[in-house]
Amino acid sequence: MRYKPGQKQETKRKMTVAASQTFREFGYAGVGVDGLAKAAGVTSGAFYTHFGSKEAAFAAALDLGLDEVIEAVPQFQRDHGTRWIQAFADYYLGKAHREDLGGGCAMTALTPEVIRSASPLHESYEEKMTQIAALMARGLAEDAAADRVNRAWAVLAVLIGGLSLARAMSSATVIDAISKTVIDAALVAAGPAVSVAF
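None of the values given here were measured: they were computed from a predicted structure. (Residues numbered from 1 in each chain as written. Predicted model: local features only at pLDDT ≥ 70, side-chain atom pairs only at ≥ 80, totals over all residues. Heavy atoms only, no water.)

The next point concerns the side chain of Glu 113. When you line up the elements, Glu 113 lands in helix H7 (residues 106–115). Judged by its relative accessible area of 14%, Glu 113 is buried. With residues up to four places along the chain from it excluded, the contact list for Glu 113 reads Gly 27, Tyr 28 and Phe 58. (Helix = DSSP H or I, 4+ residues; strand = E, 2+ residues; numbered from the N terminus. Buried < 20%, exposed > 50% of the residue type's maximum accessible area, 1.4 Å probe, protein only. Contact = heavy atoms within 4.5 Å.)

With that out of the way, let us pick up the nonpolar core. Phe 23, Trp 84, Tyr 92, Met 107, Ile 132, Met 136 and Leu 159 are the most contacted members of the largest nonpolar core, which totals 54 residues. Looking at which element gives the most residues to this core, the answer is helix H4 (residues 54–80), with nine residues. (Core = buried A, V, L, I, M, F, W, Y, C linked by side-chain atoms within 4.5 Å.)

Tallied over the full model, the rule gives seven salt bridges. With its nearest N and O atoms 3.6 Å apart, the salt bridge here joins Arg 116 to Glu 113. On the basis of relative accessible area, Arg 116 is assigned to the exposed category, the value being 63%. Lys 180 is the partner of Asp 184 in a salt bridge, and the nearest nitrogen-oxygen pair spans 3.0 Å. Of this pair, Asp 184 and Lys 180 both sit in helix H10 (residues 172–190), separated by four residues, roughly a single helical turn. (Salt bridge = Lys/Arg side-chain N within 4 Å of Asp/Glu carboxyl O.)

So, on to the environment of Gly 103. Structurally, the position occupied by Gly 103 is in the loop between helix H6 (95–99) and H7. Residue Gly 103 is classed as partly exposed on the basis of its relative accessible area, which comes to 39%. Expressed as a C-alpha distance, the spacing of Gly 103 and Thr 22, which sit 81 residues apart in the sequence, is 8.9 Å.

Taken together, the side chains of Leu 165, Met 169 and Val 174 define a hydrophobic patch exposed on the protein surface, amounting to about 220 Å² of accessible area. Residue placement: Met 169 occurs in the loop between helix H9 (145–168) and H10. Residue classification places Met 169 among the partly exposed positions, given a relative accessible area of 33%. (Patch = residues over 30% accessible without salt bridge, like charges linked within 9 Å, V, L, I, M, F, W, Y side chains within 5 Å. Areas by Shrake-Rupley, 256 points an atom, 1.4 Å probe, with all protein chains shown as cover.)

What follows covers the packing of aromatic side chains. Tallying each qualifying case throughout the model produces eight aromatic pairs. Judged by centre distance (5.1 Å) and plane angle (85°), the rings of Phe 23 and Phe 58 are edge-to-face. Of this pair, Phe 23 sits in helix H1 (residues 7–26) while Phe 58 is found in helix H4, placing the two residues 35 residues apart along the sequence. There is no split in this pair, since Phe 23 and Phe 58 are both buried. Ring centres of Phe 76 and Phe 88 lie 5.2 Å apart, and the angle between their planes is 90°; on these two criteria the pair is classed as edge-to-face. Of this pair, Phe 76 sits in helix H4 while Phe 88 sits in helix H5 (residues 84–92), and the two are 12 residues apart along the sequence. (Phe/Tyr/Trp six-rings, centres within 6.5 Å; stacked < 30°, edge-to-face > 60°.)

Moving on to the environment of Lys 128. Note that Lys 128 resides in helix H8 (residues 119–138). Note on Lys 128: relative accessible area 16%, which makes it buried. Distance in space between the C-alpha atoms of Lys 128 and Ile 70 is 8.0 Å, their sequence separation being 58 residues. In this structure Lys 128 touches Asp 63, Leu 66, Asp 67 and Ile 70, once residues within four positions along its chain are discounted. Among the polar contacts made by the side chain of Lys 128, one reaches the side chain of Asp 67 at a distance of 2.5 Å. (Polar contact = N/O pair within 3.5 Å; in protein donor to acceptor, adjacent residues only side chain to side chain.)

What follows covers H1. In an α-helix, one turn spans 3.6 residues; hence positions three or four apart end up facing the same way. Given a rise of 1.5 Å per residue, 20 residues ought to cover 28 Å, and the 28 Å separating the end C-alpha atoms of H1 matches this to within 8%. Inspection of H1 places Thr 11, Met 15, Thr 16, Ala 18, Ala 19, Ser 20, Thr 22, Phe 23 and Arg 24 among the buried residues, and these make up the whole buried set. The secondary structure elements touched by the buried residues of H1 are helix H2 (33–40), helix H3 (44–51), H4 and H7. Gly 27 sits one or two residues past H1 and shows a positive phi near 80°. (Expected span 1.5 Å × (residues − 1).)

This is the structure we're talking about:
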């Protein structure tokens, strides 16, 4: 198949988006190459042409998902000023995000998959997550930079773990109670927030 200029990159981007959503919804073991290709609207042969393997598609899907967070944190900081951490936590544990597995955050959905993966993926995951923590730390007040980063890690751990716990429950009452508690805990872990200059 011959591609027009830029068409190959756009096709791979669309396939990566579809793979990222599919891995988030079904997990790494829950979908095969045929399912990934179908979700992207391409043949399995085209999938292999672009990625070479399921593992490579997962790595690309993970990068895309974490890049979404890297873009989202500054957006929350721009849009909400000193209330950005409240807005971020409310969104993260909000009903719409809790129920959207495929379109939800890759940090929660794909972290368990990274744990079971080979070490090169751990390294790229750590790099992206460290970038996310640093972006969050810019919007936290007081303390030395290292202390702000530590608080950012605490916020991430509370939100990621809390969303996983809430998603695993069946009772709406329990889910809502967990979500409220996790939001409160994230705010305590963050401490005061500040407006970020862009």
